[in-house]
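Fold and contact review
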Amino acid sequence: MGNLWSSQVDEDEEWENDVHYSMESGTFCVMCGNSFDLSGGVCNLNPKDQRYQWLCNYRLLGQIEDMNTHRLTSGHTEPLNTSNINGIFLSERAMFQLAGQADFRLQDESGTDDIWYNALWYSQDSESTLFPLHEACLETSVRALEHLRSRREPTDSEPALKILYHVLNKRFLYRHRAAGQDDFAVNDIFDLRHRSRLYGPCSVMGMNRIEWCGGHYDRFYADPVDINGLDSFIFEVLLSSSSQDKLVEIIPLATAQEPQGIERLPVEILDTICDYLPTQTIVKLHRTSKRMALKLQLDDAFWRRSLTTGSLHAHLWDIDTENMKTFRQPSNVNFSSDDWGWRSVAKLLATKQFPITGRDPRLNGMPPGFWNRCRIWHTIERALDLDYFDKLKREHGDSGIDFRDEIRAGPT
Ligand SMILES: [Zn+2]
């Protein structure tokens with residue numbers, strides 16, 4: 001393995017040998033980059049530790065016809081399909097065993113026989129594969145997809161799980177067709193083995209040896225769904241975002257132009273309309289003109305309501321505002337106080353990527369599970385961004401259409 005304190009370049013080159021081990025065996029979840037074989041020698045953690053148990057809960061996702069082409073054992077029994085989506089197969093919990101290749105075991109419907117499958121397997125004749133995914137990664141990805149889809153194509157009724165499968169499969173086929181069979185990174189469809197100077201490694205596959213020894217894998221191994229300390233973290237962010245952080249928006253109005261269309265409506269009617277609109281739509285409406293910005297005030301009350309009802313940040317689906325109130329102390333201001341900078345908090349919590357250094361100090365107490373949830377959410381956002389713009393390009397050509405700002409609409 002070389003000297004622990006050797007140069008960074010040498011370190012990364014040598015460390016790749018272990019990364020190869022994990023990737024060549026195909027034993028990692030393509031959404032989070034974590035191995036299904038926690039005891040596989042890539043780190044010294046205790047796989048039986050309760051906080052890592054979410055990494056032991058995974059299922060196989062594919063199309064129904066994939067189940068036959070990826071089946072390794074003969075027999076007439078079938079595993080149970082827990083999906084009720086036409087054409088999509090989602091297994092019960094699977095078991096993993098590394099036996100020369102990445103093999104996954106499912107029980108048949110009677111619960112008496114085992115059936116073995118080879119996931120992430122590719123052949124020139126195959127148009128699809130099976131994906132082993134952690135249940136927590138599935139839940140986070142499906143929530144992210146539902147949210148992003150509702151903002152782009154609200155009339156699309158295709159189930160998010162089906163979209164997820166096709167996004168994964170499209171990327172998998174593209175990578176395998178473009179790469180040689182010996183390319184060890186071919187299953188890394190979201191480039192999770194990479195690292196950036198600003199944000200660090202994208203997954204444990206991008207970590208160097210010093211980071212492993214320093215225990216930096218822990219945040220990648222933190223449960224992204226069942227997060228300890230999320231409410232208290234948000235509460236602390238609120239407390240540290242007092243009135244001095246409030247952003248005051250002063251909008252000078254040009255009076256020369258007569259109000260047009262919806263701008264003519266009285267504020268009371270606009271407020272009533274907005275009661276039925278998603279937060280992101282209200283923000284977009286607010287930005288359409290200076291007159292609308294004056295009529296639809298995005299004040300702290302607006303951001304407070306949007307944040308605490310969960311309508312602003314879909315990745316904070318489990319904020320418990322009643323629980324947050326229990327953190328109040330006599331010295332704290334009232335929970336609904338206007339003294340807090342709700343807009344500033346809303347903006348801060350919109351962030352999904354966090355730089356290694358120089359980040360907002362209010363994020364210092366962030367639970368590792370929340371960090372990991374944001375990482376997986378961002379992976380899906382990035383994937384859909386690319387696929388969505390590919391689709392637009394096919395339909396409209398390079399016409400300069402750019403909806404990126406709409407997709408990212410939020411507090412600025
Ligand atoms: Zn995962």
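Counting starts from 1 at the beginning of each chain's written sequence and moves along it residue by residue. Local features in a predicted model are, by the rule used here, given only for residues with pLDDT of at least 70; side-chain atom pairs are given and counted only at 80 or more, and totals for whole chains, interfaces and linings are based on all residues. Side-chain figures throughout are based on the complete set of non-hydrogen atoms in the structure, without hydrogens or water.

Only strands joined by at least two bridges in the DSSP assignment are considered to pair. Here a strand is any run of E in DSSP of at least two residues, a helix any run of H or I of at least four, and the numbering for each starts at the N terminus. Here three strands make up an open sheet; going across it, the order is β2-β1-β6 and the pairing antiparallel. At either end of the open sheet lies a strand with only one pairing partner, and these are β2 (88–90) and β6 (131–134). Across the sheet, the mean angle separating the axes of adjacent strands is 25° when strand polarity is ignored. Bridge analysis of strand β1 (residues 58–63) against β6 gives four bridges, and the strand direction is antiparallel. Across the sheet, residue Leu 60 finds its bridge partner in β6, namely Pro 132. Set on the sheet, helix α4 (residues 160–178) makes contact with β1, β2 and β6; between it and β1 the angle comes to about 80°. Note on geometry: axes are lines fitted to C-alpha atoms, helical ones only across the stretch in contact, with angles between N-to-C directions running from 0 to 180 degrees. We call two residues in contact whenever any of their non-hydrogen atoms come within 4.5 Å of each other.

Moving on: the confidence of the model for the protein chain. Looking at the protein chain as a whole, the pLDDT averages 78, with 76% of positions reaching at least 70. The low-confidence segment residues 1–17 (pLDDT under 50) makes 23 contacts with residues lying over four places distant or belonging to another chain. The predictor rates its confidence in each residue with pLDDT, a number between 0 and 100. Counting interchain partners and residues more than four positions distant, the pLDDT-below-50 stretch residues 398–412 has 36 contacts.

Looking at the zinc ion, one finds its protein donor set to be Cys 29 (SG), Cys 32 (SG), His 134 (ND1) and Cys 137 (SG), positioned 2.1 to 2.4 Å from the metal centre. Taken together, the four donor atoms surrounding the zinc ion define angles of 96 to 119° at the centre, an arrangement classified as tetrahedral. Donors, by definition, are the N, O and S atoms found within 2.8 Å of a metal, the threshold being 3.2 Å for Na, K and Ca, and water is not counted, so a site can look incomplete. Site shape is set this way: if four donors have all angles between 85 and 135 degrees, tetrahedral; if opposite donors are over 155 degrees apart and all others between 65 and 115, square planar for four donors and octahedral for six; otherwise irregular.

On to helix α12 (residues 342–349). Most of α12 sits out of view: seven of its eight residues are buried. Throughout this description, buried means an accessible area under 20% of the type-specific maximum (1.4 Å probe, protein chains only), exposed means over 50%, and partly exposed covers the range between. Turning to α12, its buried residues are Trp 342, Arg 343, Ser 344, Val 345, Ala 346, Leu 348 and Leu 349. Along its buried surface, α12 packs onto α6 (230–239) and α10 (300–308).

Turning to the layout of surface pockets, a few remarks are in order. Any space left empty among the atoms is revealed by the rolling of a water-sized probe across them. Cavities and pockets were defined on a 1 Å grid built over protein atoms only: a cavity is a set of grid points that admits a 1.4 Å probe from which the probe cannot escape, a pocket is an open set flanked by protein on both sides within 12 Å along at least five of seven lines, and lining residues are those with an atom within 4 Å of any such point. Grid points are joined across faces, edges and corners, and a volume is the space filled by probe spheres set on the points. Roughly 530 Å³ of volume is contained in the second largest pocket. Every residue lining the second largest pocket is counted, 24 residues in all, and those nearest its centre are Tyr 199, Gly 200, Pro 201, Cys 202 and Trp 371. Listed by contribution, the elements that provide at least two residues to the lining of the second largest pocket are β7 (195–196), β8 (200–201) and α13 (368–396). Broken down by element, the residue count for the lining of the second largest pocket peaks at five residues, all from α13. Residues are grouped as follows: Ala, Val, Leu, Ile, Met, Phe, Trp, Tyr, Cys and Pro are nonpolar; Asp, Glu, Lys and Arg are charged; every other residue, Gly included, is polar. Here the lining of the second largest pocket is built from residues that sort into nine nonpolar, seven polar and eight charged.

Bringing the environment of Arg 328 into the picture now. Among the structural elements, Arg 328 can be located in the loop between α11 (321–325) and α12. As for Arg 328 and Leu 239, which are separated by 89 residues in sequence, their C-alpha atoms are 9.8 Å apart.

The way to describe two aromatic rings as a pair is by their centre distance and the angle between their planes. Aromatic pairs are defined between Phe, Tyr and Trp rings, using the six-membered ring for Trp, whenever the two ring centres lie within 6.5 Å; interplanar angles under 30 degrees are classed as stacked, those over 60 as edge-to-face, and all others as tilted. All told, the structure shown has 15 aromatic pairs when counted by the stated rule. With a centroid separation of 5.5 Å and an interplanar angle of 90°, the aromatic rings of Phe 36 and Phe 104 are classed as edge-to-face. Residue Phe 36 is found in the loop between α1 (8–24) and β1, and its partner Phe 104 is found in strand β4 (residues 102–107); the two are separated by 68 residues along the sequence. Since its relative accessible area comes to 0%, Phe 104 is described here as buried. Seen from their ring centres, Phe 235 and Phe 327 are 5.9 Å apart, and the 45° between their planes marks the pair as tilted. Of this pair, Phe 235 sits in helix α6 while Phe 327 is found in the loop between α11 and α12, placing the two residues 92 residues apart along the sequence. When its relative accessible area of 2% is taken as the criterion, Phe 235 is described as buried. These aromatic residues form a ring-pair network of at least three members: Phe 36, Tyr 58, Phe 96 and Phe 104. A ring is scored as having a charge over it whenever the NZ atom of a lysine or the CZ atom of an arginine sits within 6 Å of its centre and within 35 degrees of its normal. A cation over an aromatic ring shows up here: Arg 373 above the ring of Trp 317, its NZ or CZ 3.7 Å from the ring centre.

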